[in-house]
Structures are given as C-alpha cells and as structure tokens.
Amino acid sequence: MGTDLHTLLRSLRVWDAGTTTLPPFDPDKAPPTPLPLFTSWFAEAVEAGQPEPHTMSLATTDEQGNPDVRIVMLHGADAGGWSFATHATSRKGRALGAHPYAAVVFYWPVLGRQVRVRGPVTSAPSMESQADLHARSTGALAAALTGRQSEELSSAQELRKASEAAWERARRNPAEPSETWTLYRLRPETVEFFQGDADRRHVRLEYRRTEFGWSRGLLWP
C-alpha cells in the first residue's frame with residue numbers, strides 16, 4: 001500500500017521540542033551591520049549541532065529569465081560579500097553570466113533560524129578562484145577536474161571513468177588548475193535574519209544597504 005503524502009504531511013511538525021531550541025532574539029541589540037550577526041548566528045548553529053550549517057540554497061535566473069535553485073556550500077563571508085564557487089560553464093555559472101544577481105538562504109532548524117541574502121554577484125580573478133579550489137580537499141579538486149557539470153551524461157560508467165581519471169590527476173598534482181572553476185561573491189543589498197517563535201510571533205530583522213551605509217527594520221512574520 002502506497003504512502004499517502006497528505007496524511008504524512010499533516011503528521012509532521014516543525015521545530016520539535018526534542019530537537020529544536022528557539023532562543024530569544026532582541027533586534028534592538030543587533031549590531032549595526034549584518035556580517036557580525038551572521039557570524040555569531042553561524043557559530044551558534046555549529047555549536048548547537050546543526051548538520052551542514054555551511055550549506056545554503058542559491059537562487060538564480062537563467063538566460064531565458066527562468067528561476068532556478070540548488071544547494072551550494074558557503075566558502076566565506078567578509079566585507080566583499082558571501083562567497084561560493086562553481087564552474088563558469090555549469091547551469092548556475094551560465095545563469096550568473098547572463099544575470100549576475102542572486103539570492104541565498106541558510107536554514108538552521110535546530111535554532112528555528114533562517115538568514116536570507118540578496119544582491120549582485122561578481123566573479124573573482126582566476127588566481128583567487130584557483131587558490132580557493134586548492135585550499136579544499138582532494139575530492140573537491142577531483143570533482144572540479146571531472147568537469148562537464150550540468151551537461152547530459154550518457155551513463156554512470158562514463159562518469160566513473162572520468163572521475164577515476166580526475167582523482168588520479170588530483171592525487172598526482174594537488175595544484176592542477178581547473179580553468180572553469182570560479183569563485184563568486186554575492187554583495188548583499190539586503191540581509192534578513194529570521195528567528196522562529198513558539199507562539200508564531202517570529203522576529204524578522206532586515207538590513208538594507210543604502211548610500212549612507214546599512215539601515216535596519218522589522219518585517220511582519
């Protein structure tokens with residue numbers, strides 16, 4: 001007998017007390033700029049045991065204006081923006097080439113928190129992109145050297161053969177370049193911090209970049 005999706009959905013709850021703690025969040029005590037708050041929330045997510053807190057959903061618009069979203073890994077966040085990497089020839093790389101504007105969202109359910117970041121995207125120089133790649137694991141380099149991301153694949157055997165060759169190259173030369181590998185930076189225009197509340201009085205604090213710096217404001221949940 002098959003699973004009834006709607007029955008299953010109705011049986012689920014968010015922020016179960018056994019796995020989630022909803023800490024208080026006073027927006028009046030938030031720092032004047034978003035990066036310090038993001039850094040502290042990220043550290044708290046790690047401390048709380050959130051699995052893979054460095055993963056985020058990345059939304060882009062392709063050449064035809066169609067939206068797309070996928071999970072990527074955060075490579076850093078500093079005054080230059082939130083950074084991630086991919087092949088410039090991949091679907092998301094081509095989308096960013098056509099429309100260099102994106103949004104990302106982090107979801108940390110162990111604390112009932114989300115962080116949303118939106119703004120224009122720029123690509124780092126090739127030397128910096130390669131340095132980012134070579135600072136990662138052998139497996140990450142092998143995956144990058146396998147290449148052809150988002151292209152049609154004829155069979156799993158074809159992937160295995162290309163991957164095995166890429167792993168060999170990565171082990172033999174840990175500094176081998178991947179010419180299409182690109183580090184991207186999203187320079188935020190808005191950053192929203194969402195703190196869930198058990199009584200559904202969620203706190204949403206949005207930072208907005210202006211010509212004079214950052215402004216802050218609350219949003220209705």
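This one's a predicted model, so the numbers in the text were calculated from it and none came from an experiment.

*Asks:* Explain the packing of helix 5 (residues 138-146) against helix 6 (residues 156-172) to me, and be specific about the residues and the numbers.
*Replies:* One can describe the packing of helix 5 onto helix 6 by two numbers: an axis separation of 8 Å at closest approach and a directional angle of 125°. When the axes of helix 5 and helix 6 are compared, the pair comes out oblique. Seen along the crossing, helix 5 lies across helix 6 with a hand that is right-handed. In this structure, helix 5 contributes T138, G139, L141, A142, L145 and T146 to the contact, and helix 6 contributes L159, A162, S163, A166, W167, R169, A170 and R171. Looking at the contact of helix 5 with helix 6, its residues break down into 8 nonpolar, 4 polar and 2 charged.

*Asks:* Describe in detail the pairing of strand 9 (residues 203-210), supporting the description with residues and values.
*Replies:* Side-chain direction in a regular strand flips from residue to residue, so the side chains alternate between the two faces of the sheet. As defined by bridge partners, strand 8 (residues 190-195) adjoins strand 9 across 6 bridges and the pair is classed as antiparallel. By the bridge assignment for strand 9, F194 is matched with R204. When strand 9 meets strand 10 (residues 213-219), the two strands line up antiparallel, connected through 7 bridges. The residue bridging R209 from the neighbouring strand is W214, located in strand 10. Counting the residues between successive antiparallel strands, the hairpin from strand 9 to strand 10 contains 2 residues.

Conventions we followed
Residues numbered from 1 in each chain as written. Predicted model: local features only at pLDDT ≥ 70, side-chain atom pairs only at ≥ 80, totals over all residues. Heavy atoms only, no water. Axes fitted to C-alpha atoms, helices over the stretch in contact; angles between N-to-C directions. Helix = DSSP H or I, 4+ residues; strand = E, 2+ residues; numbered from the N terminus. Parallel < 35°, antiparallel > 145°, perpendicular 65-115°, else oblique. Left-handed = near helix turned anticlockwise from the far one by under 90°. Contact = heavy atoms within 4.5 Å. Nonpolar A, V, L, I, M, F, W, Y, C, P; charged D, E, K, R; others polar. Pairing = 2+ DSSP bridges.

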